[in-house]
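# Summary of the model geometry
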Amino acid sequence: MSESREVRLKRLQMRSMRRGIKEMDILLSGFAAANLAQMDDTRLDLYDALLHENDQDLYQWVTGQAAPAERFRALIADIAQTYQK
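Here goes a summary of the coordinates provided. (Residues numbered from 1 in each chain as written. Predicted model: local features only at pLDDT ≥ 70, side-chain atom pairs only at ≥ 80, totals over all residues. Heavy atoms only, no water.)

### Remarks on the nonpolar core
Core analysis: the biggest nonpolar cluster contains 22 residues, and Leu36, Tyr47, Leu50 and Ile79 have the highest contact counts within it. Going through the elements one at a time, α1 (5-17), α2 (22-35), α3 (41-50), α4 (55-62) and α5 (73-83) are the ones with two or more residues in this core. Considering every element that reaches this core, the biggest residue donor is α2, with five residues. Leucine 36 has contacts with Arg5, Leu9, Leu12, Gln13, Phe31, Leu44 and Tyr47, leaving out every residue within four places of it along the chain. (Core = buried A, V, L, I, M, F, W, Y, C linked by side-chain atoms within 4.5 Å. Buried < 20%, exposed > 50% of the residue type's maximum accessible area, 1.4 Å probe, protein only. Helix = DSSP H or I, 4+ residues; strand = E, 2+ residues; numbered from the N terminus. Contact = heavy atoms within 4.5 Å.)

So this is what it looks like as structure tokens:
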């Protein structure tokens, strides 16, 4: 049984908010709230896969301390750009 788009968006939003480290909760929940509804299924699949990554790795990728995995590079750039001043 596949989930509806509405259920999927809610699940991804919740997973973005409950990461494990507060910094990633803040970064990903803000990005998710602003962007998930506009994403197509392919982009949602990629974001879903990103949420399976380790928080420490994600934090280093988003803050530019480490290079992200190739498949996540564009998505990480979008997340990071959301918080650049």
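Picking up where we left off.
### Comments concerning the environment of glycine 20
For glycine 20, the location among the structural elements is in the loop between α1 and α2. Assessed through its relative accessible area of 70%, glycine 20 is described here as exposed. Remark: the alpha-carbon pair of glycine 20 and aspartate 55, spanning 35 residues in sequence, is separated by 7.3 Å. Sequence-distant contacts of glycine 20, that is, excluding residues within four places in its chain, are made with Asp25 and Asp55.

### Re the side chain of aspartate 48
Tracing the sequence through the fold places aspartate 48 in helix α3. Residue classification places aspartate 48 among the buried residues on the basis of a relative accessible area of 13%. There is a polar contact of 3.1 Å between the side chain of aspartate 48 and the side chain of arginine 11. (Polar contact = N/O pair within 3.5 Å; in protein donor to acceptor, adjacent residues only side chain to side chain.)

### Overview of the side chain of arginine 19
By the secondary structure assignment, arginine 19 is in the loop between α1 and α2. Within the local environment of arginine 19, its side chain forms a polar contact with the backbone oxygen of leucine 51, the two atoms lying 2.9 Å apart. A distance of 3.1 Å separates a polar side-chain atom of arginine 19 from the backbone oxygen of glutamate 53. For arginine 19, the residues in contact, after removing those within four places along its chain, are Met24, Asp25, Leu28, Leu51, Glu53, Asp55 and Leu58.

### A few points about the environment of tryptophan 61
By the secondary structure assignment, tryptophan 61 is in helix α4. For the pair tryptophan 61 and phenylalanine 72, spaced eleven residues apart in sequence, the C-alpha separation works out to 9.4 Å. Those residues in contact with tryptophan 61 that lie beyond four places of it in its chain are Leu50, Glu53, Ala66, Ala67, Pro68, Ala69, Phe72 and Ile76.

### Comments concerning the packing of aromatic side chains
Tallied over the full model, the rule gives two aromatic pairs. For the ring pair phenylalanine 31 and tyrosine 47, a centre distance of 5.9 Å and an interplane angle of 35° mean the geometry is tilted. Taken together, the residues phenylalanine 31 in helix α2 and tyrosine 47 in helix α3 connect sequence positions 16 residues apart. Grouping residues by exposure puts phenylalanine 31 and tyrosine 47 together as buried. With 6.0 Å between their ring centres and 35° between their planes, tryptophan 61 and phenylalanine 72 make a pair best called tilted. With tryptophan 61 in helix α4 and phenylalanine 72 in the loop between α4 and α5, this pair connects stretches of sequence that are eleven residues apart. For tryptophan 61, a relative accessible area of 11% puts it in the buried group. (Phe/Tyr/Trp six-rings, centres within 6.5 Å; stacked < 30°, edge-to-face > 60°.)

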